[in-house]
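# Descriptive analysis of the structure
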Amino acid sequence: MVVSALAYGNWITHASQIEEEAAITCVEAALDAGITTFDTADAYAIGGAESVLGRALKHVRRDSIEIFTKVYWPTGPNPNNRGLSRKHIIESLHASLERLQTDHVDLLQAHRFDYEAPLEEAMRAFDDLVRQGKVHYVGVSEWTADQIAEALRLADEMGFDRIVSNQPQFSLLWRVIEAEVVPLCQKEGVGQIVWSPLAQGVLTGKYAPGGGAPPAGSRATGPEGEEMSWLLRDEVLEPVQAYAALCREAGFTPAAVALAWVLQNQNVSSAIIGASRPEQIAENAKALDVVLEPDFVEAIEKVLEPTTLFDPAFTFSPASRPEN
């Protein structure tokens, strides 16, 4: 399946950060910019994000777009409203289809690895949905290299449909997947659909070090601002300001460079962008015209080296690691 280099995601925005009319305007802007891939999840706004996206895409020819959703995080109070049990996967997908107003999704992703449900049970449920025509492809999100390898082994052994994608966090500020996930996925033909390529807006350069108030209306001023604290430290923001200066000197916006850098990785199939205003999408689309010379790439990577945040071996504990 071919996807657009930039995908439109509605993790925080739809049914949460912005009103529905603004959300629909952003979806229209994404379509105008040539974006055909739309990523959501059952847990985003507890189904609200899927519902808004379904209404926004209702009049778009279905075979001209790719709709992705996910299953794992809780969607209700019942113990069976979460995880990767057969019951939850199938019931969640049916609810997602209703909210998205479609008879199939192009990609259904396991939003995290489930340490309680047997992997064979989850893989068989996904495979059944593929065979029923309700799902075209199966992917995962934020799985480790070992977990991806085990899923591929099990699919080959049992004759299940193989996973085709992984959705990890990846940016100039978060390069953890480079060490193990990317090499495995390149070998096995699994593409990366990366989230937070702009590091939740930090790589635009709009957040200044020194503890000052973030720009009005920015993500850091919303309810998710506390979750961004790991990015809003001076040891991160100071190198980012130097990075932004290099980008502007080269005639690019920091956002365009950050997206172009992610997309130059041959294992990255698409980079997910979000927006609260349509002009943000048009600005991000400029990344598709950016050609990064090797010397420039070396310079921006070097200026962003000073903190362990950029160390591929560095990971957060499960309790503190940001979720998408």
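Residues numbered from 1 in each chain as written. Predicted model: local features only at pLDDT ≥ 70, side-chain atom pairs only at ≥ 80, totals over all residues. Heavy atoms only, no water.

This paragraph deals with the overall build of the protein chain. When you go through the protein chain residue by residue, the secondary structure sums to 10 helices and eight strands. Sorting the 324 residues of the protein chain into buried and exposed places 52% on the buried side. Expressed as a percentage of contacts within the protein chain between residues at least 6 apart in sequence, the contacts between residues at least 24 apart total 80%. (Helix = DSSP H or I, 4+ residues; strand = E, 2+ residues; numbered from the N terminus. Buried < 20%, exposed > 50% of the residue type's maximum accessible area, 1.4 Å probe, protein only. Contact = heavy atoms within 4.5 Å.)

Turning our eyes to something else, we now look at the side chain of aspartate 114. As for its position among the elements, aspartate 114 is in the loop between strand 4 (105-110) and helix 4 (119-131). The buried charged residue aspartate 114 lacks any salt bridge, with arginine 82 as its nearest oppositely charged partner at 9.2 Å. At 2.7 Å, the side chain of aspartate 114 forms a polar contact with the backbone nitrogen of leucine 84. A polar contact is formed between the side chain of aspartate 114 and the backbone nitrogen of glutamate 116, at a distance of 2.8 Å. (Lys, Arg positive; Asp, Glu negative; His and termini not counted. Salt bridge = Lys/Arg side-chain N within 4 Å of Asp/Glu carboxyl O. Polar contact = N/O pair within 3.5 Å; in protein donor to acceptor, adjacent residues only side chain to side chain.)

By the secondary structure assignment, serine 85 is in the loop between strand 3 (66-71) and helix 3 (86-100). Of the residues examined, serine 85 reaches a relative accessible area of 18% and is grouped as buried. Here the side chain of serine 85 touches histidine 88 through a polar contact of 3.1 Å, landing on its backbone nitrogen. Beyond its immediate sequence surroundings of up to four residues, serine 85 is in contact with Asp114, Ala117 and Glu121.

At their nearest, the axes of helix 3 and helix 4 sit 8 Å apart, and the two run at 30° to each other. Here helix 3 lies roughly parallel to helix 4, going by the angle between them. Where helix 3 crosses over helix 4, the two elements pack in a sense that is right-handed. On helix 4, the residues touching Arg86, Ile89, Ile90 and Leu93 of helix 3 are Glu121, Ala122, Arg124, Ala125, Phe126, Asp128 and Leu129. Across the contact of helix 3 with helix 4, the residue classes break down as seven nonpolar, no polar and four charged. (Axes fitted to C-alpha atoms, helices over the stretch in contact; angles between N-to-C directions. Parallel < 35°, antiparallel > 145°, perpendicular 65-115°, else oblique. Left-handed = near helix turned anticlockwise from the far one by under 90°. Nonpolar A, V, L, I, M, F, W, Y, C, P; charged D, E, K, R; others polar.)

With that settled, the discussion passes to the environment of leucine 154. Structurally, the position occupied by leucine 154 is in helix 5 (residues 145-158). Overall, the relative accessible area of 7% leaves leucine 154 in the buried class. Residues leucine 154 and glutamate 120, 34 residues apart in the sequence, show an inter-C-alpha distance of 7.2 Å. Sequence-distant contacts of leucine 154, that is, excluding residues within four places in its chain, are made with Leu119, Glu120, Met123, Gly159 and Phe160.

This part is about the confidence of the model for the protein chain. Any region with low pLDDT has predicted coordinates that should not be read closely. Scored by pLDDT, the protein chain has a mean of 90; 88% of the residues are at 70 or more. Of the regions scoring below 50 in pLDDT, residues 310-322 engages in 27 contacts with residues more than four places distant in sequence or in other chains. (pLDDT = per-residue confidence, 0-100.)

Below, the discussion takes up the sheet that holds strand 4. Strands pair in a sheet through their backbones, by hydrogen bonds, and they do so in one of two ways: parallel or antiparallel. Strand order in this closed barrel of eight strands is 1-2-3-4-5-6-7-8, and the pairing throughout is parallel. On average, adjacent strands in this sheet sit at an angle of 30° to one another, irrespective of strand direction. Of the strand pairs in this sheet, strand 2 (residues 37-39) and strand 3 are connected by three bridges, and their pairing is parallel. Of the residues in strand 3, the one forming a bridge with phenylalanine 38 is isoleucine 67. (Pairing = 2+ DSSP bridges.)

The end-to-end C-alpha distance of helix 7 (residues 234-249) is 22 Å, a good match for the 22 Å that 16 residues give at a rise of 1.5 Å each. Listed as buried for helix 7 are Val236, Leu237, Pro239, Val240, Tyr243, Ala244 and Cys247. Within helix 7, the buried residues cover an arc of 165° as seen down the axis, which keeps them to one side. Within two residues after helix 7, glycine 251 carries a phi angle of roughly 90°, on the positive side. (Expected span 1.5 Å × (residues − 1). Arc of directions from axis to C-beta.)

Turning our eyes to something else, we now look at the packing of helix 1 (residues 20-32) against helix 2 (residues 48-56). With their axes 9 Å apart at the nearest point, helix 1 and helix 2 run at an angle of 55° to one another. Classified by the angle their axes make, helix 1 and helix 2 are oblique. For the element pair helix 1 and helix 2, the recorded crossing hand is right-handed. Residue-level contacts link Glu20, Ala23, Ile24 and Val27 of helix 1 to Val52, Leu53, Arg55 and Ala56 of helix 2. Here the contact of helix 1 with helix 2 is composed, by residue class, of six nonpolar, no polar and two charged.

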